[in-house]
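# Structure assessment
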Amino acid sequence: MASSHSSSPVPQSNSSDAFFKKEMDATKCFRPVQSLPDVCPKEPTGDPNNLRDSPSLVVDQHRWTIYHSKVNLPAALNDPRLAKRESDFFTKTWGVDFVDTEVTPSFYLPQITKEHFALYQQEITPREKVHERCKNVCTPKDTFDRALLHTHDKSRTDLEQVPKIFMKPDFALEDSLTFNAVLPWSHFSTAGGKGNRDAASSKLLQEKLSHYLDIVEVNIAHQISLRSEAFFHAMTSQHELQDYLRKTSQAVKLLREKISKIDKVMCEGSLRVLRLSLTRNNCIKAYNKLKLMATVHQTQPTVQLLLSTSEFVGALDLIATTQEVLQQELQGIHSFRHLGSQLCELEKLIDKMMIAEFSTYARNDLNRPLEDDCQILEEERLVSLVFGLLKQRKLNFYEIYGDEMIITAKNIIKQCVVNTVSQIEEIDTEVVVKLADQMRMMNFPQWFDLLKNIFSKFTIFLKRIKATLNTIRSVVFLVLDKNQKTRDLEDTLQKNSAKDSAVDTEVAYLTHEGMFISDAFGEGDLPPVAADTTSQRNTSPNSEPCSSDSVSEPECTTDSSSSKEQTSSSVTPGGVEMMVSDDMKLTDLELVRLANNIQELLYNASDICHDRSVKFLMARAKDGFLEKLNSNEFVTLSRLMEGFILDTEQICGRKSMSLRGALQSQANRFVNRFHEERKTKLSLLLDNERWKQAEVPAEFQDLVDSVSDGRISLPEKKPAATEERKPTEFLIVEGQKYATVGTVLLLIRIILEYCQCVDNIPSITTDMLTRLSDLLKYFNSRSCQLVLGAGALQVVGLKTITTKNLALSSRCLQLIVHYIPIIRAHFEARLQPKQFSMLRHFDHITKDYHDHIAEISAKLVAIMDSLFDKLLSKYEVKAPVPSACFRNICKQMAKMHEAIYDLLPEEQTQMLFLRINASYKLHLKRQLAHLNVVNDGGPLNGLVTSDVAFYTGNLQALKGLNNLDLNMAEIWEQKR
């Protein structure tokens, strides 16, 4: 029993208060200032948030509290530096300045005033009144009488006798340790001799446990007795509460009955009407949705039907509309879960079909018979294809047309060659298999006709291409124009948005009030959208009035669900009406670039025709055929090619350089061959020229006359006349006589051939000018070698170069010099201004010719000068008079005059004899000075005077020299 007193029968409280405290529910959290006093005092609820006095490390880590203070406050306030200590407690403990010093407010703590507690006072005042009333009802804790306290202490002492193990919250006999502690097995041991003692121990244990049970029961009864008043009060309150609940239940039942009657009378019918209306609307929506689904279900058959008639644009529009309906109104429909992907695949198939269809159209359009017909093949089909390709952004479709152009151009040439070869019997197609070899067997007329046929086919070919591409470009420009109009319309709508918003607000108000729009607005005052709607309603005689109860058609539903695509009607240049839709999602830059590419395709078509023509020419020119053409044939060919080039430039609007370059290349070869032939011919003529005056045939005189009339060209061959005109001795050029050789006559003809070739082929003007200048230089140098250089003695076999040969050569050079300015003016009129520098060749040639003529004149004077030197060096002043020397000199002078007078003009003859006379006077003067003969009137002077008079008389007696001023006084030394 001693052990029983060691444990307290009553659980100890942590506080000094020995009263039992009522436990609270942990889920209820009350503010201390708002809680009402209970009948019994409370004990801690066990809520850690309510029991915590120290700051929280998580919540209060960023807020300053008093726990942040780290300094001992008395130590901080006790200033050891002060010598005098006051007896006041505060000043003695905390320093002299404690009372008078103002404490600096902490920046961590706000300034607290009475206004901060105003709200709290307003809230706590009514609660304080309630608290005072409750204090009057409940007995204060301090008023327990001493008997209760004494009883409590006694109960507490009794409970301490009960061991602590029975008071543990985890007490359980199932635990072996707990069971062994409560019922020790040592008391029940069955060893020999100890049975009676064990029975006494077990009986004692049983009594102890019964004692513990009695103590607990007594305390429980005591606690119940203490709270009996509250218990009976609660039971009484329970009966009153049940009475209140019964009355409330009856009132609620009555209220529900009244509400049920009101519901049946006033609400059930109206709600049923609303429910039926909603059901009807749902049925209508479901019906429309089913009809829309039925329409969408027919999309694929309809698309296939449209594709069978090549209506690609309509099929694409239907697919786009169906896709939009599936995404907006039929989204989530399980039966259509694969339709979107199927339509996408169908759209890809349409893309391939359109490309294949466009390729077929291009092939059929370009491979039509090339007659003189430039009509567009199936323009409506072309327009539909172009619109479909633009809608699908297949902007490279023009490349297909370009590839077909190349193939067709090859086939055109091949077909023309086959047709021409089949008509020529001389060509055996079984022996000669290749077309190129068959073509090379043609003569020039046959080949020229073939080339002419090819050029005509190519011209028609380009006209067809231009018409087709113009139609395609017109479609592109219509789409571009539609985009521009759409942007303008959007800008206009944005400008009028404020006005439209006000009108829409008024219309919505009138509609809400139950008025018709036509009643509120006059016909002229209708807003644009309302007016359009009214006009559409009035213009459809078979249309039914629209209402919320009517069921729309599937087409209408589809249109309403689409993206409000609009179409506008336009007309192509060929007169085909087209509907331009708004769903062409192409930018202006893409459309402009496409239009430029299509225009560039037309230029490429011209280049293709020119390139194929060049290859055709090169195939024929492999064996030197074109280089062997004579000038007339080449001029004819050149004119044909120039005409084709001009036609293509007129059709396509741009120059193609390939054929022009090939023509220029062939022209250069022709010029080289032309020049080499003429130069070789001139060389042969000069090598065989004997430098004798030739008769001038009438045709050469006519040629010169035509040049004098301003026609620098070869005259046409005239039919043989009955009387042939006799050749003349001289060539009359603008009234002057020219004695020439046959080579010069032919040279003039050759020069005119150069000029005429320039007229026929303007592209070779510069080359011809260079070659002609080379030819004139060659004639000048070669004639100088043959005559002045005496090369004709070895080449032709002349015995000597006579003065007549020299004079004739000079006159021939003068004839050529006469024509050089005319030739220069002819070429200048056909050169570009930047090419005028090439005319300096004629200036150099003119200078060279004048130098050559001057050298010939000097050569004639030198001949006579050597004669004078030879004869006058032996002259002696003696009788008889005239001396033999002077007679010989006069004889030679007469021969010279006879040789040159008919060849050179009279002025040139006089000038030449003046120079000869000056040489004569110089040699005579030197000889007289050597003989010491002076003009003193002596006998020797008289003999010399007689000889000089004889010389003067004979010289002036020559034809054309009678007025020649000889000035023979210069033979005498002047006296100083």
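Residues numbered from 1 in each chain as written. Predicted model: local features only at pLDDT ≥ 70, side-chain atom pairs only at ≥ 80, totals over all residues. Heavy atoms only, no water.

### A few points about the overall build of the protein chain
Within the protein chain, the secondary structure is distributed over 31 helices and four strands. The buried share among the 976 residues of the protein chain stands at 35%. Summed over all atoms, the accessible surface of the protein chain reaches about 60800 Å², with 55% contributed by carbon and sulfur. (Helix = DSSP H or I, 4+ residues; strand = E, 2+ residues; numbered from the N terminus. Buried < 20%, exposed > 50% of the residue type's maximum accessible area, 1.4 Å probe, protein only. Areas by Shrake-Rupley, 256 points an atom, 1.4 Å probe, with all protein chains shown as cover.)

### Comments concerning the packing of helix 25 (residues 765-788) against helix 27 (residues 803-828)
Between helix 25 and helix 27, whose axes approach to 11 Å, the crossing angle comes to 170°. Of the possible angle classes, the one that applies to helix 25 and helix 27 is roughly antiparallel. Contact residues: helix 25 offers T765, M768, L769, L772, L776, F779, N780, S783, V787 and L788, while helix 27 offers N805, L806, S809, L813, I816, I823 and F827. Among the residues making up the contact of helix 25 with helix 27, the classes are represented as twelve nonpolar, five polar and no charged. (Axes fitted to C-alpha atoms, helices over the stretch in contact; angles between N-to-C directions. Parallel < 35°, antiparallel > 145°, perpendicular 65-115°, else oblique. Contact = heavy atoms within 4.5 Å. Nonpolar A, V, L, I, M, F, W, Y, C, P; charged D, E, K, R; others polar.)

### Re the nonpolar core
A general feature of soluble globular proteins is that nonpolar side chains tend to end up buried together. Membership of the largest hydrophobic core comes to 198 residues, with the highest contact counts inside it found for W447, F827 and F913. Examining the composition of this core, we find that 18 residues originate from one element, helix 15 (residues 444-495), more than from any other. The residues contacting W447, other than those within four sequence positions of it, are M439, M442, F616, L617, R620, F625, L626 and L637. (Core = buried A, V, L, I, M, F, W, Y, C linked by side-chain atoms within 4.5 Å.)

### Looking at a nonpolar patch on the surface
The grouping of F107, Y108 and L109 at the surface amounts to a nonpolar patch, some 390 Å² of accessible area in total. Looking at where F107 falls in the secondary structure, it is placed in the loop between helix 3 (89-94) and helix 4 (118-137). (Patch = residues over 30% accessible without salt bridge, like charges linked within 9 Å, V, L, I, M, F, W, Y side chains within 5 Å. Salt bridge = Lys/Arg side-chain N within 4 Å of Asp/Glu carboxyl O.)

### Observations regarding the environment of L793
By secondary structure assignment, the location of L793 is in helix 26 (residues 792-795). Note on L793: relative accessible area 27%, which makes it partly exposed.

### So, unusual backbone geometry
In this chain, A879 is followed by P880 through a cis amide linkage whose omega measures 0°. Residue P882 follows V881 across a cis peptide bond; omega there is 0°. By secondary structure assignment, the location of P882 is in the loop between helix 28 (840-872) and helix 29 (884-900). For A790, which is not a glycine, the phi torsion comes out positive at approximately 60°. Within the secondary structure layout, A790 lies in the loop between helix 25 and helix 26. You can call A790 partly exposed: its relative accessible area is 21%. At N967, a residue that is not glycine, the phi angle is positive and equals roughly 55°. For N967, a relative accessible area of 37% puts it in the partly exposed group.

### A short note on the pattern of salt bridges
Overall, the coordinates contain 18 salt bridges when judged by the stated rule. Where D851 meets K847, a salt bridge forms, and the shortest distance between an N and an O atom there is 3.2 Å. Separated by four residues within a single helix, D851 and K847 lie in helix 28, roughly one turn from each other. For K847, a relative accessible area of 53% puts it in the exposed group. Close ionic contact of E876 with K878 constitutes a salt bridge, the shortest N to O distance being 3.3 Å. On the accessibility criterion, K878 (48% relative accessible area) is partly exposed. Ionic contacts of the salt-bridge type, sharing partners, join the residues R673, E677, R678 and E753 into one network.

### Details of the environment of E734
Along the chain, E734 falls in the loop between strand 3 (731-733) and strand 4 (736-738). Note on E734: relative accessible area 56%, which makes it exposed. Linking E734 and S708, residues 26 residues apart in sequence, is a C-alpha distance of 6.9 Å. With near-sequence residues (within four places) excluded, E734 lies in contact with S708 and H818.

### Digging into a negative patch on the surface
The grouping of E695, E729, E898 and D902 at the surface amounts to a negative patch. Owing to a relative accessible area of 62%, E898 belongs among the exposed residues under this scheme. (Lys, Arg positive; Asp, Glu negative; His and termini not counted. Charge placed at Lys NZ, Arg CZ, Asp CG, Glu CD.)

### Some points on the side chain of T178
For T178, the position within the fold is in helix 6 (residues 176-182). Owing to a relative accessible area of 11%, T178 belongs among the buried residues under this scheme.

### Here we look at the confidence of the model for the protein chain
Mean pLDDT over the protein chain: 76, with 75% of residues reaching 70 or higher. Below a pLDDT of 50 lies the segment residues 1-52, which in the model reaches 80 contacts outside its immediate sequence neighbourhood of four places, other chains included. Taken as a whole, residues 507-567 scores under 50 in pLDDT and shows 49 contacts with residues more than four places along the chain or in a different chain. (pLDDT = per-residue confidence, 0-100.)

### Structural notes on the side chain of D947
By secondary structure assignment, the location of D947 is in helix 31 (residues 939-956). It is R887 that comes nearest to the buried, bridge-free D947 among opposite-charge side chains, at 7.1 Å. At 2.8 Å, the side chain of D947 forms a polar contact with the side chain of Y875. When neighbours within four sequence positions are excluded, D947 is seen to be in contact with Y875, V881, P882, S883 and F886. (Polar contact = N/O pair within 3.5 Å; in protein donor to acceptor, adjacent residues only side chain to side chain.)

### Considerations on the packing of aromatic side chains
Summed over the entire model, instances satisfying the criterion amount to 15 aromatic pairs. Plain terms: the ring middles of F458 and F644 are 6.4 Å apart, the flat faces sit at 35° to each other, and that makes the pair tilted. Here the residue F458 occupies a position in helix 15, and F644 occupies one in helix 21 (residues 631-652), the gap between them amounting to 186 residues. Both residues of the pair, F458 and F644, belong to the buried class. Members of the aromatic cluster, connected to one another through ring pairs, are F868, Y875, F886, Y920 and Y951. Above the face of the Y738 ring, R811 is positioned so that its terminal group lies 3.8 Å from the ring centre. (Phe/Tyr/Trp six-rings, centres within 6.5 Å; stacked < 30°, edge-to-face > 60°. Lys NZ or Arg CZ within 6 Å of the ring centre and 35° of its normal.)

### Considering helix 27
In this model, helix 27 (26 residues) spans 38 Å end to end at C-alpha, consistent with the 38 Å of a helix rising 1.5 Å per residue. Maximal helix bending in helix 27 amounts to about 30°, located at I820; proline P821 follows within four positions. Where burial is concerned, most of helix 27 is hidden: 19 out of the 26 residues are buried. (Expected span 1.5 Å × (residues − 1). Bend = angle between axes of the 7 residues up to and from the residue.)

### Examining the packing of helix 20 (residues 588-620) against helix 22 (residues 657-688)
As a packed pair, helix 20 and helix 22 sit with axes 8 Å apart at the nearest point and diverge in direction by 25°. By the angle class used here, helix 20 and helix 22 are roughly parallel. Side by side, helix 20 and helix 22 meet where D607, H610, D611, S613, V614, L617 and M618 of the first sit next to S658, L659, A662 and Q666 of the second. For the contact of helix 20 with helix 22, the residue count by class is five nonpolar, four polar and two charged.

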